[in-house]
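Here are the chains, one letter per residue:
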Amino acid sequence: MATLNRRWIYARPLEGPLSVSNFERRDAPVPQLRQGQALVRVRLVSIDPANRLYFALQAYRPQLAPGDVMAGFGIGEVVDSTDPRFRVGDLWHGDFGWQDYAVINSYDRHEYWHRCSEGHTEQDLLGVLGITGMTAWFGVEEVLRAQAGETAVVAGATGACGSIIAQLLKLKGCRVVGIGGGPEKCAWLTDELGLDAAVDYLAPDMAQALRTACPSGVQVYSDAVGGDVSRATLPLMRRGARWYHFGNLSAYADARPGVPAERHDSFMSEELRAHCHAEALKPRFLLVFDHYCHRLEAEARFAELLRDRRLIAPSTELDGFDRLPQALAGGGAGKIGKLNVRISEGQGAQA
Ligand SMILES: NC(=O)c1ccc[n+]([C@@H]2O[C@H](COP(=O)([O-])OP(=O)(O)OC[C@H]3O[C@@H](n4cnc5c(N)ncnc54)[C@H](OP(=O)(O)O)[C@@H]3O)[C@@H](O)[C@H]2O)c1
């Protein structure tokens, strides 16, 4: 086994836009195990918008401080263990950080660690069967209560959560309008994902384009980004419409340590607030981990949909440990679906 643990450290505090200079390579020896622990060799690291929040606040994990190993979810293989709960050779999913080797244990907080089911690709384990897919599943099944024929707007439809949400809503018989960034990504939404219409949030006439794409208004809104997209969508919603809010991505680039997080409704004018009040439009927020007790049921349904080719799980994989900082700082420019960085090779599937 290797003796060196490559690590990316959050080295310099975030004071302006995130850049590679906020990180520093500081390798260390591979950790030694104590009783009840296991050593995980990380293979695939998930790049998520929420990684940016870790510097600024406690976002379902403790806030990072300069000097900490950069946090991040991933898929890794147990390569050594002192506890029978962790079998050597099994794949696990968890917040292993940007490093080759992470220690997990059987006595500490471990709700975000789970042993991966067998027979799936690592990309699917980290995406559609991981946090982003579960966020989509619980949102559609437990919040949106979508009916066939309803018009659904999916913000961030080219992303990891949104691409799955949009497909699940199509399977429910909705007319789905996806929001993406730029003409190519919008073309992908209609041509590859099969959505009924796509609207480019980067275009100056986005609000008008959305009105045109939703002639009967909007009954279902999946909101991952807030900001301009929400400002354009909410006026098209009336009493009884459902609003699933699970992220405020358009504000994440401004997140800084010591600066209070932007409120999710900070984009609202007085007029829009009055509209939401009059139409009783309230966002329902969901934190995926609150629903993790149902994770295996959702996973089984996703596995069926994937097997029957009724759903695709788009992902983009970058290769190389040294690409981690740029992958996050670059915001996943040009990627479609789930963004991951491979830092070590495995078999590709656990089967
Ligand atoms: N509450 C929870 O439990 C939970 C769990 C997972 C994720 N989330 C949240 O869900 C959101 C999406 O996560 P994800 O993993 O799907 O991210 P992702 O894969 O990076 O996708 C982001 C999507 O948002 C779009 N986007 C980026 N900036 C935008 C802006 N300023 N205005 C409009 N659209 C914008 C992107 O469009 P283009 O790429 O086409 O430009 C892309 O479609 C994030 O806010 C994340 O924190 C919440």
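The rules behind these values
- Residues numbered from 1 in each chain as written.
- Predicted model: local features only at pLDDT ≥ 70, side-chain atom pairs only at ≥ 80, totals over all residues.
- Heavy atoms only, no water.
- Near = heavy atom within 4 Å.
- Polar contact = N/O pair within 3.5 Å; in protein donor to acceptor, adjacent residues only side chain to side chain.
- Areas by Shrake-Rupley, 256 points an atom, 1.4 Å probe, with all protein chains shown as cover.
- Helix = DSSP H or I, 4+ residues; strand = E, 2+ residues; numbered from the N terminus.
- Nonpolar A, V, L, I, M, F, W, Y, C, P; charged D, E, K, R; others polar.
- Domains from an automatic or database assignment.
- Buried < 20%, exposed > 50% of the residue type's maximum accessible area, 1.4 Å probe, protein only.
- Right-handed = clockwise from strand over helix to strand, strands pointing away.
- Pairing = 2+ DSSP bridges.
- Contact = heavy atoms within 4.5 Å.
- Buried area = accessible area lost by both parts, 1.4 Å probe.
- Salt bridge = Lys/Arg side-chain N within 4 Å of Asp/Glu carboxyl O.
- Axes fitted to C-alpha atoms, helices over the stretch in contact; angles between N-to-C directions.
- UniProt positions renumbered as here; feature names shortened; annotations may be inferred.

Teacher, can you tell me more about the site of the ligand here?
Around the ligand there are 29 residues in total, and T158, K185, Y201, V288 and K335 lie nearest to it. Contact distances for the ligand include 2.8 Å between an oxygen atom and a side-chain N or O atom of K185. In the environment of the ligand, an oxygen atom lies 3.0 Å from a nitrogen or oxygen atom belonging to the side chain of Y252. Protein coverage of the free-state accessible area of the ligand, which is 930 Å², stands at 85%. Top element by residues in the shell around the ligand is helix α2 (residues 131-144). It accounts for three residues. Each residue belonging to the shell around the ligand can be placed in one class, and the counts come to 16 nonpolar, 11 polar and two charged. Both domains that furnish three or more residues to the shell around the ligand are identified here as domain 1 (4-127 + 314-342) and domain 2 (131-290).

Got a minute to help me understand the pairing of strand β10 (residues 151-154) in this structure?
The two faces of the sheet receive side chains in turn, since in a regular strand these alternate between them. Residues of β10 alternate between two faces, with T151 and V153 on one and A152 and V154 on the opposite face, all of them buried. Read as a crossover between parallel neighbours, the route from β10 over helix α3 (residues 160-171) to strand β11 (residues 175-180) is right-handed. Sheet analysis places β10 next to strand β13 (residues 218-223), joined by three bridges and oriented parallel. Each bridged residue has a counterpart across the sheet, and for V154 the counterpart in β13 is S222.

Would you mind going over the pairing of β11 with me for this structure?
Among the six residues of β11, five are classified as buried, and the element is accordingly described as predominantly covered. Where β10 meets β11, four bridges bridge the pair, whose relative direction is parallel. Bridge pairing links A152 to V176 in β11. Pairing analysis gives four bridges linking β11 to strand β12 (residues 197-200), with the strands arranged parallel. Opposite V177, over in β12, you have A197 as the bridge partner. With respect to chirality, the unit in which β11 leads through helix α4 (residues 183-191) into the neighbouring parallel β12 is right-handed.

Please explain the domain arrangement of the chain as it appears in this structure.
You'll often see interface size given as the accessible area lost when the parts meet. Per the domain assignment, the segments making up the chain are domain 1 (4-127 + 314-342) and domain 2 (131-290). The gap between the C-alpha centroids of domain 1 and domain 2 is 28 Å. Tallying the contact residues gives 26 residues for domain 1 and 20 residues for domain 2. A buried area of about 1,800 Å², summed over both sides, lies between domain 1 and domain 2, and 69% of it is on carbon and sulfur atoms. Taken together, the connections running from domain 1 to domain 2 amount to zero salt bridges. In this assembly, domain 1 and domain 2 are joined by six residue pairs in polar contact (both at pLDDT 80 or more). Taken together, the residues that form the side of domain 1 that touches domain 2 break down as 15 nonpolar, six polar and five charged.

Please explain the environment of L33 as it appears in this structure.
Note on placement: L33 falls in the loop between β4 (28-29) and β5 (37-46). Accessibility expressed as a relative area gives 21% for L33, which makes it partly exposed. L33 sits 72 residues away from N105 along the chain, and the two C-alpha atoms are 9.5 Å apart. Here L33 is in contact with A38, L39, D80, S81, T82 and V103, once residues within four sequence places are set aside.

Got a minute to help me understand the sheet that holds β12 in this structure?
Backbone hydrogen bonds are what pair the strands of a sheet, in a parallel or an antiparallel way. One open sheet holds the six strands; their spatial order is β12-β11-β10-β13-β14-β15, and the pairing between them is parallel. The strands lining the two open edges of the sheet, one partner per strand, are β12 and β15 (283-285). Neighbour to neighbour, the strand axes of the sheet diverge by 20° on average, direction disregarded. In this sheet, strand β14 (residues 237-245) lies alongside β13 in parallel orientation, the contact comprising five bridges. Within the sheet, the bridge partner assigned to V218 lies in β14 and is M237. The strands that α2 touches are β13, β14 and β15; relative to β14, the one it contacts most, it runs at about 150°. Of the strands in this sheet, β10, β11 and β12 touch helix α5 (residues 206-213), which is tilted by about 170° from β12.

In this structure, what is going on with the UniProt feature "domain: Oxidoreductase N-terminal" (unreviewed entry) in the chain? I would like to understand it.
Cross-referencing UniProt, the feature "domain: Oxidoreductase N-terminal" (unreviewed entry) maps to residues 6-105 in the present numbering. In residues 6-105, the share of helix is 0% and the share of strand is 37%. The end C-alpha atoms are 21 Å apart.

How should the side chain of Q167 be read in this particular structure?
Relative to the elements of secondary structure, Q167 occurs in helix α3. What Q167 contacts, discounting residues up to four positions off in sequence, is L193, L311, I312 and P314.

Please clarify how the UniProt feature "domain: Alcohol dehydrogenase-like C-terminal" (unreviewed entry) in the chain should be interpreted in this entry.
UniProt records the feature "domain: Alcohol dehydrogenase-like C-terminal" (unreviewed entry) for residues 162-250 in the present numbering. The distance separating the terminal C-alpha atoms of residues 162-250 is 14 Å; by composition the span is 38% helix and 28% strand.

Whenever I open this one, the pattern of salt bridges confuses me. Can you help?
Side chains that differ in charge, positive against negative, can pair when their charged atoms come close. Enumeration according to the criterion identifies 25 salt bridges in this entry. When the shortest N-O distance is used, the salt bridge between K172 and E141 registers 3.1 Å. Taken as a pair, K172 in the loop between α3 and β11 and E141 in helix α2 lie far apart in primary sequence, 31 residues in all. K172 gets classed as partly exposed once you look at its relative accessible area, which sits at 30%. The partly exposed category is assigned to E141, whose relative accessible area is 34%. For R273, the salt bridge is made with E270, and the minimal N-O distance between the two is 3.9 Å. One end of the pair, R273, and the other, E270, are both in helix α7 (residues 270-278), three residues apart, so they sit about a helical turn from each other. Members of the salt-bridge network, linked through shared partners, are R43, E77, E122, E317 and R342.

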